[in-house]
Amino acid sequence: MTFKGVLFDFSGTLFRIESAGSWLRAVLDEAGVALPPDEVRRYAMKLAVAGALPGGSEPERVPQDLAALWATRDESAESHRAAYTGLARQVKFPGPGLYDALYERHMTPHAWRPYADAAEVLATLRHGGIGIAVVSNIGWDLRPVFRAHGLDALVDAYVLSYEHGIQKPDARLFRVACEALGQDPHDVLMVGDDRNADGGAAQLGCSVHFVDHLPVEERPAGLRPVVALAGQGPLP
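So, here is what we can say about the structure in this document. (Residues numbered from 1 in each chain as written. Predicted model: local features only at pLDDT ≥ 70, side-chain atom pairs only at ≥ 80, totals over all residues. Heavy atoms only, no water.)

1. Quick look at the overall build of the protein chain
- Within the protein chain, the regular secondary structure consists of 10 helices and seven strands.
- Computed over its C-alpha atoms, the radius of gyration of the protein chain comes to 18 Å, within 12% of the 18 Å expected for a compact globule of 236 residues.
- For the protein chain, the C-alpha atoms occupy an extent of roughly 55 × 40 × 25 Å along the three principal directions.
- Sequence separation of at least 24 residues holds for 68% of the intrachain contacts in the protein chain that already meet a minimum separation of 6.
- Accessible surface for the protein chain amounts to roughly 10,600 Å². Of this, 52% is attributable to carbon and sulfur atoms. (Helix = DSSP H or I, 4+ residues; strand = E, 2+ residues; numbered from the N terminus. Rg over C-alpha atoms; globule rule 2.2 N^0.38 Å. Contact = heavy atoms within 4.5 Å. Areas by Shrake-Rupley, 256 points an atom, 1.4 Å probe, with all protein chains shown as cover.)

Laid out in structure tokens, this is it:
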């Protein structure tokens, strides 16, 4: 089948967040806080278990007082920040200012890396006349990340949950994206890594293709099949 538009998820699909260790070390260095390497690793592991790094691992347990906020965290910038800083505060740091600093760090382009084949796949689709939109459950503006990594010119539209007060898998968010591309949902392919959230596009009539949420080094060509799925022929 030939598609006229492709929707891509952001985190775990086109880009991957840095490791919890890299995230924490960057914030500690910026704050001038010196900790022994073993202690940094211990804190990073606790943050990962808590699920405090957006785009990282899911929390092993969401505290009861954060459960309602966690369920709707991507519907507003305020909820997103409160949910993730709340999880981070489950880990006791020597300085209270580190929690907001950690949240600020994850929104910087330096904290993200595109998957190795992202640029090639987006450029091939664009060359084939296929519209491209990014549909993300998120609480901040990811456009600067795409600009910093040279991918912004390959994206036609961004549909971000916090800007619409709707989060995936709600079909309404995918409808906004299809309308932004001027395409019928049946002519659109959704590509993502979350079978629940991204799978919601099927409710609207979109086809759906899943990729594995893996570190960048472990998924060098996970997006390449999308080109053939979109009717552009396989990449060499």
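2. Notes on the side chain of Asp117
- Mapped onto the elements, Asp117 comes out in the loop between strand S3 (112-114) and helix H6 (118-127).
- It is Arg219 that comes nearest to the buried, bridge-free Asp117 among opposite-charge side chains, at 4.9 Å. (Buried < 20%, exposed > 50% of the residue type's maximum accessible area, 1.4 Å probe, protein only. Lys, Arg positive; Asp, Glu negative; His and termini not counted. Salt bridge = Lys/Arg side-chain N within 4 Å of Asp/Glu carboxyl O.)

3. Examining helix H1 (residues 20-31)
- An ideal rise of 1.5 Å per residue puts 16 Å on 12 residues; H1 measures up with 17 Å between its terminal C-alpha atoms.
- Taken residue by residue, H1 has Ala20, Gly21, Trp23, Leu24, Val27 and Leu28 as its buried positions. Each buried residue of H1 lies within a common arc of 160 degrees when the element is viewed along its axis, so the set occupies one face. For H1, the exposed residues set more than 90 degrees away from the buried face come down to Asp29 and Glu30.
- In this fold, the buried residues of H1 make contact with helix H2 (37-50) and helix H5 (98-106).
- Following H1 by one or two positions, Gly32 has its phi on the positive side, about 70 degrees. (Expected span 1.5 Å × (residues − 1). Arc of directions from axis to C-beta.)

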